[in-house]
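Observations on chain architecture
Residue strings, one per chain:
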Amino acid sequence: MEVQITDLYLYPVKSLRGLRRQQLQFDRRGLAEDRRWMVVDHNHRFLTQRQRAKMATLTATPLPGGLRLSDPLGSKVDVSVPACSAHRVDVQVWADQVSALPAAKEASQWLSQRLGRECLLVYLPASSERGVAGFAASLVGFADGYPALLTHEASLLELNRALNTAGHPAVPMDRFRANIVVSAVGDGAAFEEDRWAELQVPGGRLVNAKPCERCMVITTDQQTGERDQSREPLNSLRALHGDLDGNGLFGINLIAQPDREDGVLSLAIGDRLQVVYQ
């Protein structure tokens, strides 16, 4: 079976708005430029849309040597990658403690004003390495646990059918904050991506680490930052495609295994990938 890449997304800052890209590249530290920055609270613990849904409305655009943060009203602030010699702080993302570099205070103040709480923007330097559970040779940035997330258009179609049948509006794919969106070449069944062992791509392969367990973030409109008060599509997903613990599953977490010694593997919209089943 073949699938074709229909969309690619990059998330420069964890939990801020995604950016559509024509190409993405993996390097030895995971997906290049993806979630190398993160917002933390006064205790240096990670902040996401789980706590502040309005993070979805803030955009981080990569610039040479840094980022530009902007909001829907046109306010913006530029921030440079901190110098390696800067004072480091230990930050927490889930159970992991990672050494990070704080950004300039102007960026943190800008974020604090828009999110209504004290924040600090931090950067993950190349000298700090965060491993991937169960994959000793793999690294990840500030993503929840794995370097990339893939979703399947057939699964969204099936979920939207269930939502419409229950009287709820359909949702777009951006609710699921994928890096890679694929569509089957020919027939493709909903949620069959759970059974894919790997995807073979020119220059390497993408290994299915595990299906993605979904949380309240998918109830957040990624354009407005508004939370769906009926907890959709999470409730419908749990009923349609849940695990034994009651988690709704949508998409698969991926580990890149490039053939090249430098760890580089590139993907582009339109690429066809060969599926190997478990």
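Please refer to the structure higher up on the page.
To keep things clear, this report deals only with the structure shown in the data block. (Residues numbered from 1 in each chain as written. Predicted model: local features only at pLDDT ≥ 70, side-chain atom pairs only at ≥ 80, totals over all residues. Heavy atoms only, no water.)

1. Some points on the overall build of the protein
Scanning the protein for helices and strands turns up three helices and 20 strands. Taken against the 2.2 N^0.38 rule, which gives 19 Å for 278 residues, the C-alpha radius of gyration of the protein at 18 Å falls within 12% of a compact globule. By principal-axis analysis of the C-alpha atoms, the protein measures approximately 50 × 50 × 35 Å. The buried share of the protein, reckoned over its 278 residues, is 50%. Relative to all contacts within the protein whose residues are 6 or more apart in sequence, the contacts with residues 24 or more apart total 68%. By element, 47% of the accessible surface of the protein is carried by carbon and sulfur atoms, the whole surface being about 12,500 Å². Looking at the protein, you have 31 positive and 33 negative side-chain charges, and the mean spots of the two groups are 6 Å apart. (Helix = DSSP H or I, 4+ residues; strand = E, 2+ residues; numbered from the N terminus. Rg over C-alpha atoms; globule rule 2.2 N^0.38 Å. Buried < 20%, exposed > 50% of the residue type's maximum accessible area, 1.4 Å probe, protein only. Contact = heavy atoms within 4.5 Å. Areas by Shrake-Rupley, 256 points an atom, 1.4 Å probe, with all protein chains shown as cover. Lys, Arg positive; Asp, Glu negative; His and termini not counted. Charge placed at Lys NZ, Arg CZ, Asp CG, Glu CD.)

2. Topic: the pattern of salt bridges
All told, the structure shown has 17 salt bridges when counted by the stated rule. Across the pair Arg 68 and Asp 78 runs a salt bridge whose closest N-O atoms are separated by 2.7 Å. Taken as a pair, Arg 68 in strand 7 (residues 66–70) and Asp 78 in strand 8 (residues 76–80) lie far apart in primary sequence, 10 residues in all. With relative accessibility at 30%, the residue Arg 68 sits in the partly exposed group. For Arg 161, the salt bridge goes to Glu 158, with nearest N and O atoms at 2.9 Å. One end of the pair, Arg 161, and the other, Glu 158, are both in helix 2 (residues 153–165), three residues apart, so they sit about a helical turn from each other. Connected through salt bridges with shared partners, the residues Lys 14, Arg 50 and Asp 144 form a single ionic network. (Salt bridge = Lys/Arg side-chain N within 4 Å of Asp/Glu carboxyl O.)

3. Description of the environment of Val 98
Position of Val 98 relative to the elements: it lies in strand 10 (residues 96–102). Among the residues examined, Val 98 registers a relative accessible area of 4% and is labelled buried. The sequence separation of Val 98 and Leu 273 amounts to 175 residues, and the corresponding C-alpha distance is 34 Å. Residues in contact with Val 98, not counting those within four places in the same chain, are Val 89, Asp 90, Val 91, Val 93, Leu 124, Ser 128, Arg 130 and Phe 142.

4. With respect to the nonpolar core
Among the nonpolar cores identified, the biggest contains 22 residues, and Ile 180, Leu 199, Leu 206 and Leu 267 are the most heavily contacted of them. Elements represented by at least two residues in this core include exactly strand 1 (2–10), strand 3 (23–27), strand 14 (148–152), strand 15 (180–184), strand 16 (196–201), strand 18 (249–258), strand 19 (265–268) and strand 20 (272–277). Apart from residues no more than four positions distant in its own chain, Leu 199 is found in contact with Val 3, Leu 150, Gly 204, Arg 205, Leu 206, Leu 254, Leu 273, Gln 274 and Val 275. Core analysis: the second largest hydrophobic core is formed by 20 residues, Leu 16, Val 39, Ala 60 and Ala 103 among them. (Core = buried A, V, L, I, M, F, W, Y, C linked by side-chain atoms within 4.5 Å.)

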